[in-house]
Amino acid sequence: MRPTPRTSSPRRYLMCPPAHFTVTYSINPWMDPTKPVDLPLALAQWEDLRDRYRSLGHTVELLEPDPALPDMVFAANGATVVEGRVLGARFAHPERAREADAHVAWFRGNGWADDAVRVPEHVNEGEGDFAVTASWILAGRGFRSSPLSHDEAQEFFGRPVIGLELVDPRYYHLDTALCVLDDARDEIMYHPDAFSPGSRAVLARLFPDALIATAEDAAALGLNAVSDGRHVLLPQAAVGLFEPLRRRGFEPVGMDLGELLKGGGSVKCCTQELRP
């Protein structure tokens, strides 16, 4: 079978440099405050990701880091943008709560009208738990985002929201267990064991041709990836995903974000998509 022809489309991303990144508390199983962070290395790895996006023709906007918010580098968690409308975040843990205000302020200071930016009533952690395809918004719950945020997103965006229950604490956000490979074609990859039986059945019904990630590749955070429809930027340690992606016509691009993994995030966690 020939691979499906793939074309990339220019994307616009919001990122935040890890200028103050450190691990001084633990709010997910990946975080261990006893393991020091090599900050210059973290910054170099992040810059490599930023530069790779730009080399592929994408635009990268920058969010100013706050010294009091060491997790701001994980910019995907700060909001969800669909067709120019912005649903802000409301974080589950107080350590990250002020990040939500920084994201809303950025949007309001960079051309978004007030009525296009919503401060949410219910806990959601942005694109950490919301994944957008042409047909649906896939929405994670179980560890961070509230199920009530799913209805809120559906009303705000006017798109059907599919709730998915996460059951493995290592995959505490949807973007650690599932990646949208081609949003125009509703094509994804995911790790079934991260989800409840009912949610696995829903995913199998909606995405019968999805790429299924092994436990080893999921544990390398291989699903915390970003695709532009052709290039898939993913952790280089998820070696088992490279050939299956190539067989489907994608071009995998391995990235080393090992220092940022100490905070529980990789490529996607660092990348919020600004969908026009």
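Keep in mind that what you see is a predicted model, and the values were worked out from it rather than measured.

**Observations regarding the sheet that holds strand 4 (residues 85-88)**
Strand-to-strand pairing in sheets goes through backbone hydrogen bonds, with the strands running parallel or antiparallel. Strand order across the open sheet formed by three strands is 3-4-5, with mixed pairing between neighbours. Of all the strands in the sheet, the pair left with one neighbour each is strand 3 (79-82) and strand 5 (117-118). Relative to strand 4, strand 3 runs antiparallel, the two sharing four bridges. When the bridges of strand 4 are listed, A79 appears paired with G88. Sheet strands in contact with helix 3 (residues 148-157) are strand 3, strand 4 and strand 5, and its direction is about 160° off that of strand 4.

**Notes on the side chain of H103**
Among the structural elements, H103 can be located in helix 2 (residues 97-108). Excluding its chain neighbours within four sequence positions, the residues that come into contact with H103 are L14, L63, A75, G78, A79 and Q272.

**As for the pattern of salt bridges**
Evaluation of the coordinates by the stated rule reveals 23 salt bridges. Across the salt bridge formed by R11 and D183, the nearest N and O atoms sit 3.1 Å from each other. Here R11 is found in the segment before strand 1 (12-15), whereas its partner D183 is found in the loop between strand 9 (178-182) and strand 10 (187-190), with 172 residues between them in sequence. What makes D183 partly exposed here is its relative accessible area of 24%. Linking E273 and R11 is a salt bridge whose minimum nitrogen-to-oxygen distance equals 3.1 Å. Of this pair, E273 sits in strand 15 (residues 272-273) while R11 is found in the segment before strand 1, placing the two residues 262 residues apart along the sequence. Each member of the pair E273 and R11 is classed as buried. Each of R11, E127, D183, K268, E273 and R275 takes part in a single network of salt bridges with overlapping partners.

**Quick look at the side chain of D168**
In this fold, D168 is placed in the loop between strand 8 (161-165) and strand 9. Excluding residues that lie within four positions of it along the chain, D168 makes contacts with F143, D193 and A194.

**Concerning unusual backbone geometry**
Backbone phi values are negative for most residues with the exception of glycine, while trans is the configuration of most peptide bonds. Unusually for a residue other than glycine, D186 sits at a positive phi of about 55°. When you line up the elements, D186 lands in the loop between strand 9 and strand 10. In this structure, L221 is a non-glycine residue whose phi angle is positive, near 60°.

**Structural notes on the sheet that holds strand 11 (residues 211-212)**
Read across the open sheet, the three strands follow the order 9-10-11; overall the sheet is mixed. Strands with a single pairing partner mark the edges of an open sheet, and in this sheet they are strand 9 and strand 11. Sheet topology note: the strand 10/strand 11 ladder contains two bridges and is parallel. Residue pairing in the sheet places Y190 in a bridge with I212 of strand 11.

**Thoughts on the pairing of strand 7 (residues 137-141)**
Judged by how many residues are buried, strand 7 sits mostly within the fold: four of five residues are covered. Judged from the three bridges that link them, strand 6 (residues 130-132) and strand 7 form a sheet pairing that is antiparallel. Pairing of V132 across the sheet is with I137, part of strand 7. Where strand 6 folds back on strand 7, the antiparallel hairpin that results is connected by four residues. Judged from the five bridges that link them, strand 7 and strand 8 form a sheet pairing that is parallel. Across the sheet, residue I137 finds its bridge partner in strand 8, namely V161. Each parallel crossover has a hand, and for strand 7 linked through helix 3 to strand 8 it is right-handed.

Definitions and limits used
- Residues numbered from 1 in each chain as written.
- Predicted model: local features only at pLDDT ≥ 70, side-chain atom pairs only at ≥ 80, totals over all residues.
- Heavy atoms only, no water.
- Pairing = 2+ DSSP bridges.
- Helix = DSSP H or I, 4+ residues; strand = E, 2+ residues; numbered from the N terminus.
- Contact = heavy atoms within 4.5 Å.
- Axes fitted to C-alpha atoms, helices over the stretch in contact; angles between N-to-C directions.
- Salt bridge = Lys/Arg side-chain N within 4 Å of Asp/Glu carboxyl O.
- Buried < 20%, exposed > 50% of the residue type's maximum accessible area, 1.4 Å probe, protein only.
- Right-handed = clockwise from strand over helix to strand, strands pointing away.

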